[in-house]
Amino acid sequence: WLKLQMQLTFASFLDNQNEYKELIKEFEPEEQQDSISQIIKQNLVPEAKVYEKIITEAKQTNLVMVNENHFMPQHRIFVYNLLSGLRANGYKYFALETLNDNQDSLLNLKETFPTLETGFYTREQNYGRLLRHAKELGFEFVAYESDDSMEREMGQAQNLYRKTFGIDKTAKVLLLGGIDHILEKPTAKGKKWLGAVLKERYNINPLTISQTHLNSYRKFSKERIALVEGKHFKDRLQSVDYHLLNNIPRSNLNGQDANFTYKNQHSFPVQLTLFSGTEIENENYYHNNIPYYAIYLKPHE
């Protein structure tokens, strides 16, 4: 499992990568007809209402927590699409567990941009575009990762509170974290993830949206995104407010139009990598930059 996660993560950095297409099949089993699939079919909120519903719910709290699989870039595309609506409703802070030390301070400076030093997962092109978009909208970045592996959730909660609610009583925060960190209820074995710690220790009731716990069921929706309320399920699936079924295509430039075409004329594969011209001093100064777009092209593709 650890090996598969690592393979998928590295493969996900490059679009149109055949190894990723094969590996993701190992991660996602065939759809199964069971009680969970029936609940999904009966309670789907369609794509046309998803963003409106989330924004409406976000107005009732000061913390929205969304999770991701680190090797599924479409999860970042969903958050990208959510940013403007949250910003328009007072959300100012964007908390990320994946930032390296002090990188939030650097990103918050004027005329800066994400680089390969910003973090590990942030090197993926959709993550890079997500950070650029958040910066354009005026979000303030917050790194909340904890060095204490034994009490990681408590450390994350303390860091998050100290950098946001602790200094700004009117703070509204969007948090993007890994799989289980957003869970609001302790597990059957008593483990309290970040969402549960924030609720118990700081009396914060977040709006939690999981993109991961129903991954194997996401294709029961024929739309790009759909929501199902967590209250319809049992056990761990009840530990979040909503589950998002995310079928957004990985190749998504968020509506940007290209002004050129490229075809691989070689007899061997190539990696076509595009960088933002505003982020390079000259044509040779890009080696520490996150690609705006990077794609694997087979011969004549």
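Up top you'll find the structure we're talking about.
All right, on to the overall build of the chain then. Helix and strand counts for the chain come out as nine helices and nine strands. Its C-alpha atoms give the chain a radius of gyration of 20 Å, near enough to 19 Å, the size a compact globule of 301 residues would have. Buried positions account for 51% of the 301 residues belonging to the chain. Taking the intrachain contacts of the chain between residues at least 6 apart in sequence as the baseline, contacts between residues at least 24 apart amount to 74%. On the chain, roughly 15400 Å² of surface is accessible, and the fraction owed to carbon and sulfur atoms is 49%. Measuring between centres, the 36 positive side-chain charges of the chain sit 4 Å from its 38 negative side-chain charges.

Turning to the sheet that holds strand E1 (residues 63-68), a few remarks are in order. Strand order in this open sheet of seven strands is E3-E2-E4-E1-E5-E7-E6, and the pairing throughout is mixed. The sheet is open, and its two edges are formed by strand E3 (140-143) and strand E6 (225-229), each paired on a single side. Direction aside, the axes of adjacent strands within the sheet are offset by 25° on average. Bridging between E1 and strand E5 (residues 207-210) involves three bridges; their strand directions are parallel. Bridged to Val-64 within E5 is Leu-207. Sheet strands in contact with helix H5 (residues 74-87) are E1, strand E2 (93-96), strand E4 (173-178) and strand E7 (242-246), and its direction is about 165° off that of E1.

A cluster of nonpolar side chains, contributed by Leu-2, Met-6 and Phe-10, occupies part of the molecular surface with about 340 Å² of accessible area. Looking at where Phe-10 falls in the secondary structure, it is placed in helix H1 (residues 2-12). Phe-10 gets classed as exposed once you look at its relative accessible area, which sits at 52%.

Bringing the packing of aromatic side chains into the picture now. Tallying each qualifying case throughout the model produces 13 aromatic pairs. For the pair Phe-10 and Phe-120, a centre-to-centre distance of 5.7 Å together with 70° between the ring planes defines the contact as edge-to-face. One end of the pair, Phe-10, is in helix H1; the other, Phe-120, is in the loop between helix H6 (103-107) and helix H7 (125-137), and 110 residues separate them in sequence. Three or more aromatic residues link up through ring pairs in this structure, and these residues are Phe-10, Phe-13, Phe-120 and Tyr-121. Across from the ring centre of Tyr-292, 5.3 Å away, lies the NZ or CZ of Arg-129, which sits over that ring. The ring of Trp-193 has Lys-191 sitting right over it, with the charged end atom 4.5 Å from the ring centre.

Interaxial distance between helix H4 (residues 47-58) and H5 falls to 10 Å at its minimum, and their mutual angle equals 50°. Our classification of the angle between H4 and H5 gives oblique. Viewed along their axes, H4 and H5 form a crossing whose handedness is right-handed. Counting all contacts with H4, which are made through Val-50, Tyr-51, Ile-54, Ile-55 and Ala-58, the residues of H5 involved are Phe-78, Asn-81, Leu-82, Gly-85 and Leu-86. A class-by-class count of the residues in the contact of H4 with H5 yields eight nonpolar, two polar and no charged.

Quick look at the pattern of salt bridges now. Enumeration according to the criterion identifies 12 salt bridges in this entry. For Lys-25, the salt bridge identified is with Glu-22, shortest N-O distance 3.4 Å. Of this pair, Lys-25 and Glu-22 both sit in helix H2 (residues 18-27), three residues apart, which is roughly one turn of the helix. Residue class for Lys-25 comes out exposed when judged on its relative accessible area of 55%. Taking relative accessible area as the criterion, Glu-22 reaches 48% and is therefore assigned partly exposed. Between Glu-184 and Lys-199 there is a salt bridge, with its nearest N and O atoms 2.8 Å apart.

Criteria and thresholds
Residues numbered from 1 in each chain as written. Predicted model: local features only at pLDDT ≥ 70, side-chain atom pairs only at ≥ 80, totals over all residues. Heavy atoms only, no water. Helix = DSSP H or I, 4+ residues; strand = E, 2+ residues; numbered from the N terminus. Rg over C-alpha atoms; globule rule 2.2 N^0.38 Å. Buried < 20%, exposed > 50% of the residue type's maximum accessible area, 1.4 Å probe, protein only. Contact = heavy atoms within 4.5 Å. Areas by Shrake-Rupley, 256 points an atom, 1.4 Å probe, with all protein chains shown as cover. Lys, Arg positive; Asp, Glu negative; His and termini not counted. Charge placed at Lys NZ, Arg CZ, Asp CG, Glu CD. Pairing = 2+ DSSP bridges. Axes fitted to C-alpha atoms, helices over the stretch in contact; angles between N-to-C directions. Patch = residues over 30% accessible without salt bridge, like charges linked within 9 Å, V, L, I, M, F, W, Y side chains within 5 Å. Salt bridge = Lys/Arg side-chain N within 4 Å of Asp/Glu carboxyl O. Phe/Tyr/Trp six-rings, centres within 6.5 Å; stacked < 30°, edge-to-face > 60°. Lys NZ or Arg CZ within 6 Å of the ring centre and 35° of its normal. Parallel < 35°, antiparallel > 145°, perpendicular 65-115°, else oblique. Left-handed = near helix turned anticlockwise from the far one by under 90°. Nonpolar A, V, L, I, M, F, W, Y, C, P; charged D, E, K, R; others polar.

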